[in-house]
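An overview of the molecular structure
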Amino acid sequence: MNAVQGTVRLIYEDARWFLGKLLLLYITLPLTAVWIIIGISSDSGEASSFIGGPAYFFFVPFYAILGFKSLLPIAVGLGSTRTQLLKIFLTVGISAVFTVMLFLNICQWLLWTLYERGVSSASISHPGTLYSNEFMFLPYLWIDLMLALVLFGGAFFIYCITYRLGMTRTLIGTMIIGILALFLYYSGVIETPMQWIAKLKINAITAFTLVGVAGIGALLATYPMMRNASLVPKGKKE
């Protein structure tokens, strides 16, 4: 087994454990079962489930950070270059995240089907309601994929900035950007572009697609930042 194959296996096993076993098997599937039981046995009226919460708010963004952070020194020790590691991590990571979202939507489809047929009183909460109040598998899956992409890409992008600049410089830069944005907003400089965007009347699918494209842009931006990165984050070297 060469260095590339070893790195692929390493990242795959990590993604399978963190996203496959821990998220899907130990959290998402039990949550789905609990909501089905609640919906069937409860007479308290309509309930609204959000089984995608753990994936959205914890597992997808944390995997983007912890997955790369823990595997960087190991992969380099196996003989992989940073460029190879980045390509493999992004390919395997995105594939794993998309697979998770597919199974998540199957669970949501099951909950919605039982609700629609009157078997269960547990409906679902989903960002896709901005597109349609009726569950539609493919549009809802697409929305989940786009949101997962921006969560994965955004979290990894922020981690890479912190890794290269250090926490102190990152916080100072964030504060400067925030103050500048406030000045631009209250001076009316960005009011016109915002009004122009509002007039476009972009539909929900297009808006979520643009969000996903932003996630892709964030991931592409991490490549030049990390291809020559040190094994030690900036803050630890200072």
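For the structure itself, consult the block above.
These remarks concern the structure in this document. (Residues numbered from 1 in each chain as written. Predicted model: local features only at pLDDT ≥ 70, side-chain atom pairs only at ≥ 80, totals over all residues. Heavy atoms only, no water.)

**Quick notes on a nonpolar patch on the surface**
- Together, Leu102, Phe103, Ile106, Trp109 and Leu110 make up a nonpolar patch on the protein surface, roughly 440 Å² of accessible area in all.
- Structurally, Ile106 is set in helix α3 (residues 82-116).
- The exposure class assigned to Ile106 is partly exposed, which follows from its relative accessible area of 38%. (Patch = residues over 30% accessible without salt bridge, like charges linked within 9 Å, V, L, I, M, F, W, Y side chains within 5 Å. Areas by Shrake-Rupley, 256 points an atom, 1.4 Å probe, with all protein chains shown as cover. Salt bridge = Lys/Arg side-chain N within 4 Å of Asp/Glu carboxyl O. Helix = DSSP H or I, 4+ residues; strand = E, 2+ residues; numbered from the N terminus. Buried < 20%, exposed > 50% of the residue type's maximum accessible area, 1.4 Å probe, protein only.)

**Points about the nonpolar core**
- In this structure, Leu19, Phe68, Phe152 and Phe156 are the most contacted members of the largest nonpolar core, which totals 55 residues.
- Broken down by secondary-structure element, the contributors of at least two residues to this core are α1 (3-41), α2 (53-78), α3, α4 (137-165) and α7 (204-226).
- Tallying contributions element by element places α3 first for this core, with 15 residues.
- For Phe152, the contacting residues outside a window of four places in its chain are Val60, Tyr63, Ala64, Phe89, Leu90, Gly93, Ile94, Val97 and Leu219. (Core = buried A, V, L, I, M, F, W, Y, C linked by side-chain atoms within 4.5 Å. Contact = heavy atoms within 4.5 Å.)

**Some details on the packing of α1 against α3**
- Across the interface, α1 lies against α3 with an axial gap of 10 Å and an inter-helix angle of 15°. By the angle class used here, α1 and α3 are roughly parallel. Seen along the crossing, α1 lies across α3 with a hand that is right-handed.
- Its residues assigned to classes, the contact of α1 with α3 shows 24 nonpolar, four polar and no charged. (Axes fitted to C-alpha atoms, helices over the stretch in contact; angles between N-to-C directions. Parallel < 35°, antiparallel > 145°, perpendicular 65-115°, else oblique. Left-handed = near helix turned anticlockwise from the far one by under 90°. Nonpolar A, V, L, I, M, F, W, Y, C, P; charged D, E, K, R; others polar.)

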